[in-house]
Amino acid sequence: MSTADVSADAPRRPLSGRRVRFGDLSLQVVAGAAALATTVLVGLIVWKVIDGARLAIGNYGISYVWHVAWNPVIDHELYGAGSFLFGTAITSLLALLLAAPLAMGVALFLTELAPRFLRAPVTALVETLAAIPSVVIGLWGILVLGPALRDHIEPTLHSGLGFIPLFGTPGSGSSLFTAIIVLAIMILPIVSSISRELFLGVPHELKEGALALGTTRWEMVRGVMFPYARGGVAAALILGLGRALGEAIAVTQVIGGGVFIHSNLFGGGDTLASKIAASYQGSTTKLQTSSLVYLALILLVFSLAANITAQWVVRRVARRHGITRGGHA
Amino acid sequence: MSAVPHRLHLEGLPRRRAVNRAMEVLAWIAATIAVAILAIVVFSVAQKGWSELNLDLLTKSPIPFSLTNAPQGLANAFAGTLVIVALATAMALPVGILVAVYLNEFAPASVRNGVGIVLDVLNGVPAIVIGIFVFGLLVVGHGQSAFAGSFALSCLMLPLVARSTMEVLALVPNSLREAGLGLGIPQWRTTLSIVLPQTIGGIVTGTILAVARVAGETAPLLFTSSFVGTQTNWNPHHALQSIPVAIFELSESPDPKDHARAWAAAFVLLLFILLASLGGRWLATRSRRKLAAR
């Protein structure tokens, strides 16, 4: 190619061509930078939390995770996450146990049973439950629910089922039990709205096929809908669990606090998240701050694990069913 | 599946019908419980908040450790929440939209999936951990500020705004993009002045829903903007009080007068959030239907 050709072409194309490409390129670069920044942000969160926990990690190592201690007295400082890990596990698992059957019931009601005029309003109402801020649920939990549980439910459970160590002596109303109920309320709308979408996705011909074989509606649900939606429902439950693990404010308000491992649900305790939130007014030493960040690190690991597992299950299920469904809650 | 009978068990029919009936009743009960919980919570807040609601709440400052009955309010918290949420929206909105534009208009499928997972992961990070992160990033060494609180809230808003914008962008018909490009309009102008304007409605409703979501967030603010004065302040370089943090602190107080103000503040907050999220949801279905009909 000769230089003359290029210069002859030059006045006509490249000027406008370059301007076009420059505009495209700059929008692409700016928008791409935003996407990159989001990715970097997630990395930064992980790095900052690890960085903040470094002092405690250096001091206690991995045994911090199961060590039961929280003693901020200077010169006798000793910290460990054991009791908070226990509190997190017992509250979020039992909350899930309470919420899961309720959520399935709500989802089945909304997809199979509800009269047409009830479907949209009840769906909207259940989703509204998810919009209530946790601090408001916590306020209600500490001032209304806690006292009600203490005065009515806890004594009944204790006298009737007191032989089970879970139902020990009723306490102040601020307890693991109240936290479990509050968490169950908070994850109910999440699990039920995802399950509802999954149930809506079950092909009609499968459901009608089962009914045509003479099954009752429940047998159709058990034999066709549950197996079909199984993976998605598992993901919904994991997402609910992740939400329960990470909930700080409402739990802090109702759980009562304390560093112990006991089987009595009516006693106080703390979860990882509630311990962090309850300590916001400051720590006396660097080691205490770092230990709090270590709690956040443990919490981050668990909630990321829950979330990524759920996303993975959702994507796998979506691929298998050949449908695309938003994986986010 | 074993639940599907291989042949008709006519003699078992009454029992099967009874089981079916029982399950239907249980589902009805579950739905009733869910709606009843919402009704009880909203009713409690409305009942206890309404009686405490007066203009003092919006105009007067709180008086710490007050032993008198002098009227108190939460003026500082209302001002602070406005500043913090407005700043958070200003930070999250442009970035969220740009992320959505990049993923929907430019990115190859693999990048779109990858960053999509990142958005979901960010959405799943507990709010309290975001608070600790911003504490480590901006507060240590510099002190708390409304700006730090806003940044924490914007981390929560970002995935919400990006996701909702992506959803509406996906609804814009490709023929519009092709028409723009076919007329010789460069891609960036097609995107900015043809595609994006179609999605304004969706972006606005997505933003309303995201604002409704973060306006009630307490956890990210505890470590970033909670050591506050009682006077009303609009300066984002200072730590500012906010409604959720005020409710949190008042709810832990032993003083019933504090509880009363907590209920009133909770009522205002809940009213705002419910109106915003119901309104946003309604607008969202409307604009989606409009786009999809095209």
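Residues numbered from 1 in each chain as written. Chains lettered and ligands numbered in written order. Predicted model: local features only at pLDDT ≥ 70, side-chain atom pairs only at ≥ 80, totals over all residues.

**Comments concerning the overall build of chain B**
- Secondary structure assignment for chain B yields twelve helices and zero strands.
- Along the chain direction, N to C, the helices and strands of chain B fall in the order α-α-α-α-α-α-α-α-α-α-α-α.
- Relative to its length of 294 residues, chain B is extended, with a C-alpha radius of gyration of 25 Å against a globular reference of 19 Å.
- Along the longest, intermediate and shortest principal axes, the C-alpha atoms of chain B span 75 × 70 × 35 Å.
- Taken across its 294 residues, chain B has 50% of its residues classed as buried.
- Partitioning the intrachain contacts of chain B with sequence separation of at least 6 by distance along the chain shows that 77% fall at a separation of at least 24. (Helix = DSSP H or I, 4+ residues; strand = E, 2+ residues; numbered from the N terminus. Rg over C-alpha atoms; globule rule 2.2 N^0.38 Å. Buried ≥ 20, exposed ≤ 12 C-beta atoms within 10 Å, placed from the backbone. Contact = placed C-beta atoms within 7 Å.)

**Quick word on the overall build of chain A**
- Looking only at helices and strands, one finds eleven helices and two strands in chain A.
- Mapped in sequence order, the helices and strands of chain A form the string α-α-β-β-α-α-α-α-α-α-α-α-α.
- Against the compact-globule benchmark of 20 Å for 329 residues, chain A has a radius of gyration of 27 Å, which places it well outside the compact range.
- Judged by the C-alpha coordinates and their principal axes, chain A covers about 100 × 70 × 30 Å.
- Taken over 329 residues, chain A has a buried fraction of 49%.

**Here we look at the nonpolar core**
- Membership of the largest hydrophobic core comes to 197 residues, with the highest contact counts inside it found for A:Val182, A:Ile187, A:Ala296, B:Ala265 and B:Ala266.
- Each of two domains, domain 1 (3-63) and domain 2 (70-321) of chain A, supplies a minimum of three residues to this core.
- Beyond its immediate sequence surroundings of up to four residues, B:Ala265 is in contact with B:Leu57, B:Leu74, B:Ala77, B:Ile243, B:Ala246 and B:Ile247. (Core = buried A, V, L, I, M, F, W, Y, C linked by C-beta atoms within 7 Å. Domains from an automatic or database assignment.)

**Examining the interface of chain B and chain A**
- At the interface, 77 residues of chain B touch 78 residues of chain A.
- Broken down by element, the side of chain B that touches chain A gets its largest block of residues, 19 residues, from helix α1 (residues 13-50) of chain B.
- For the side of chain B that touches chain A, the per-class residue count stands at 57 nonpolar, 13 polar and seven charged. (Nonpolar A, V, L, I, M, F, W, Y, C, P; charged D, E, K, R; others polar.)

**Let's talk about the environment of A:Pro72**
All names here are of chain A.
- With respect to the helices and strands, Pro 72 occurs in the loop between β1 (70-71) and β2 (78-79).
- For the pair Pro 72 and Thr 252, spaced 180 residues apart in sequence, the C-alpha to C-alpha distance is 19 Å.
- Ignoring anything within four residues of it in the chain, the contact list for Pro 72 reads Glu 77, Thr 284 and Gln 288.

**Points about the packing of helix α3 (residues 82-113) of chain A against helix α6 (residues 176-200) of chain A**
Residue and element names in this part refer to chain A.
- The contact between α3 and α6 brings their axes to 6 Å, and the two run at 40°. Taken together, α3 and α6 sit at an angle that is classed as oblique. Judged by the twist between their axes, the crossing of α3 over α6 is right-handed.
- Grouping the amino acids of the contact of α3 with α6 by side-chain chemistry returns 24 nonpolar, six polar and one charged. (Axes fitted to C-alpha atoms, helices over the stretch in contact; angles between N-to-C directions. Parallel < 35°, antiparallel > 145°, perpendicular 65-115°, else oblique. Left-handed = near helix turned anticlockwise from the far one by under 90°.)

**Looking at the environment of B:Ala219**
- Summarising the element assignment, B:Ala219 is placed in helix α10 (residues 219-222).
- For the pair B:Ala219 and B:Pro244, spaced 25 residues apart in the sequence, the C-alpha separation amounts to 8.9 Å.
- Beyond its immediate chain neighbours, meaning those up to four positions away, B:Ala219 contacts A:Ala248, A:Ile249, A:Ala277, B:Ala127, B:Ile128 and B:Gly131.

**Quick word on the domain arrangement of chain A**
All names here are of chain A.
- Looking at the assigned domains, one finds that chain A contains domain 1 (3-63) and domain 2 (70-321).
- Just the C-alpha atoms count here: the centres of domain 1 and domain 2 sit 38 Å apart.
- Listed per partner, the contact involves eleven residues of domain 1 and ten residues of domain 2.
- The residue inventory of the side of domain 1 that touches domain 2, partitioned by class, reads eight nonpolar, two polar and one charged.

**A word on α6(A)**
- Relative to the 36 Å expected for 25 residues at 1.5 Å per residue, α6(A) spans 35 Å between its end C-alpha atoms, a close match to the ideal helical length.
- The buried fraction of α6(A) is high, at 23 of 25 residues. (Expected span 1.5 Å × (residues − 1).)

**A look at helix α4 (residues 116-131) of chain A**
- Between its terminal C-alpha atoms α4(A) stretches 24 Å, which fits the 22 Å expected from 16 residues at 1.5 Å a residue.
- Those residues of α4(A) that sit buried are A:Val126, A:Leu129 and A:Ala131.
- Residues of α4(A) that are buried make contact with α3 and α6 of chain A together with α1, α9 (200-215) and α12 (256-293) of chain B.

**A closer look at the confidence of the model for chain A**
Residues and elements named next belong to chain A.
- Across chain A, the average pLDDT comes to 86, with 91% of residues at 70 or higher.
- Helix α1 (residues 3-9) is the least confidently modelled element of chain A, averaging 45 in pLDDT, while α3 averages 94, the highest of any element.
- pLDDT under 50 marks residues 1-15. Its contacts with residues more than four places away, or in other chains, come to zero contacts. (pLDDT = per-residue confidence, 0-100.)

**Examining the packing of α3(A) against helix α8 (residues 217-246) of chain A**
All names here are of chain A.
- In the contact formed by α3 and α8, the axes pass within 9 Å of each other and the chain directions differ by 140°. With respect to their mutual orientation, α3 and α8 come out oblique. Note that α3 runs across α8; the crossing there is right-handed. Along the contact surface, α3 presents Thr 88, Ser 92, Ala 95, Leu 96, Ala 99, Ala 100, Leu 108 and Glu 112, while α8 presents Arg 217, Val 221, Leu 237, Gly 240, Leu 241, Ala 244 and Leu 245.

**With respect to the environment of B:Ala292**
Residue and element names in this part refer to chain B.
- Mapping Ala 292 onto the fold places it in helix α12.
- A residue is classified by how many C-beta atoms lie within 10 Å of it, and Ala 292, with 9 of them, is exposed.
- Along the sequence, Ala 292 and Val 172 sit 120 residues apart, while their C-alpha atoms lie 8.0 Å from each other.

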